[in-house]
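Chain and residue survey
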Amino acid sequence: MSRADRPSLATWRAVILHREHPSVDALKRQLEMLHIRVSVVWPQIDEADVASDIVFFDADMGHDGQFPWPPGFAPMPMIALIGSEAPGRIEWALAQGSNAHLLKPIGSTGAYSALLIATHAYQVARSQAEDIRALEDRLRQRPIVVRAILRLIQQERLDEAGAWKRLRKIAMDWGMTIEETADAICRDDRRTKSGA
């Protein structure tokens, strides 16, 4: 993570989803030293806390239904606070979408690195999810591309290679993706007849 990629933590708001505990007090002190506004809630996160920039949550006493979003779909990075390394508890924390963790008891360090790691992991995961969605959309549109190629072969008496070349040229001329152009051709868009 480069300096330019580091978040400006001084404007952040953090929620700690944990019952009262000395580890919570220690974490709150660390976050406040970073000028992060902190609220401690239990037993669940309310809709008002959805605008937070980061969530720390108790992996030991946590349970389903504590978050107002489906498991794994948090709208912000999440950091698990782990005291028990029981496999079931760790699996539950991962299923919630944990991007990093802090081991309890929490002392005077660790929050800053957990914040940076969680933020980076969250951004990477979101970027990958967006890439996957875009690729899935393109894959769903492949039948339209095939229909457009067949239409170009029939209407312009081209071979397959010529139809692909024509489709790419139209897409470049219009500043559209291949899939968008193929859809326009299949809809019989008038621009395709104008020799674009």
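Scroll up to find the structure this text is about.
A short tour of the structure in this document, coming up. (Residues numbered from 1 in each chain as written. Predicted model: local features only at pLDDT ≥ 70, side-chain atom pairs only at ≥ 80, totals over all residues. Heavy atoms only, no water.)

Comments concerning the overall build of the protein chain
- Counting secondary structure elements, the protein chain contains six helices and five strands.
- Taken against the 2.2 N^0.38 rule, which gives 16 Å for 196 residues, the C-alpha radius of gyration of the protein chain at 25 Å runs more than 25% over that of a compact globule.
- Taken along its principal axes, the extent of the C-alpha atoms in the protein chain is 75 × 35 × 25 Å.
- Per-residue burial for the protein chain yields a buried fraction of 37% across its 196 residues.
- Accessible surface for the protein chain amounts to roughly 11500 Å². Of this, 55% is attributable to carbon and sulfur atoms.
- The average position of the 25 basic charges and that of the 26 acidic charges among the side chains of the protein chain differ by 8 Å. (Helix = DSSP H or I, 4+ residues; strand = E, 2+ residues; numbered from the N terminus. Rg over C-alpha atoms; globule rule 2.2 N^0.38 Å. Buried < 20%, exposed > 50% of the residue type's maximum accessible area, 1.4 Å probe, protein only. Areas by Shrake-Rupley, 256 points an atom, 1.4 Å probe, with all protein chains shown as cover. Lys, Arg positive; Asp, Glu negative; His and termini not counted. Charge placed at Lys NZ, Arg CZ, Asp CG, Glu CD.)

Topic: the packing of helix 5 (residues 160-174) against helix 6 (residues 178-186)
- Interaxial distance between helix 5 and helix 6 falls to 9 Å at its minimum, and their mutual angle equals 105 degrees. When the axes of helix 5 and helix 6 are compared, the pair comes out roughly perpendicular. On the side of helix 5, the interface is formed by Leu167, Arg168, Ile170, Ala171 and Trp174, while helix 6 contributes Ile178, Thr181, Ala182, Ala184 and Ile185. (Axes fitted to C-alpha atoms, helices over the stretch in contact; angles between N-to-C directions. Parallel < 35°, antiparallel > 145°, perpendicular 65-115°, else oblique. Contact = heavy atoms within 4.5 Å.)

Overview of the environment of His35
- With respect to the helices and strands, the residue His35 is situated in the loop between helix 1 (22-33) and strand 2 (37-41).
- For His35 and Ile149, which are 114 residues apart along the polypeptide, the C-alpha to C-alpha distance reads 58 Å.

Section: the nonpolar core
- Counting residues in each nonpolar core, the largest one holds 21 residues, and the members touching the most others are Leu27, Leu31, Phe56, Ile79 and Leu115.
- Only strand 1 (13-17), helix 1, strand 3 (54-58), strand 4 (78-82), strand 5 (100-103) and helix 3 (111-140) provide two or more residues apiece to this core.
- Those residues in contact with Leu27, other than ones at most four positions away along the chain, are Ile16, Phe56, Leu81, Leu102, Ile106 and Ala111.
- Counting residues in each nonpolar core, the second largest holds 16 residues, with Val41, Val55, Phe57 and Ala74 among its members. (Core = buried A, V, L, I, M, F, W, Y, C linked by side-chain atoms within 4.5 Å.)

Details of the side chain of Gln30
- Mapped onto the secondary structure, Gln30 falls in helix 1.
- Classification of Gln30 as buried rests on a relative accessible area of 8%.
- Sequence-distant contacts of Gln30, that is, excluding residues within four places in its chain, are made with Ile106, Gly107, Ser108, Thr109, Gly110 and Ala111.

What to know about the environment of Ile79
- Along the polypeptide, Ile79 turns up in strand 4.
- The spatial distance from the C-alpha of Ile79 to the C-alpha of Val55 is 6.2 Å, given a sequence separation of 24 residues.
- Each residue touching Ile79, except ones within four places of it in the same chain, is listed here: Ile54, Val55, Phe56, Phe57, Ser98, Ala100, His101, Leu102, Ala114, Leu115 and Ala118.

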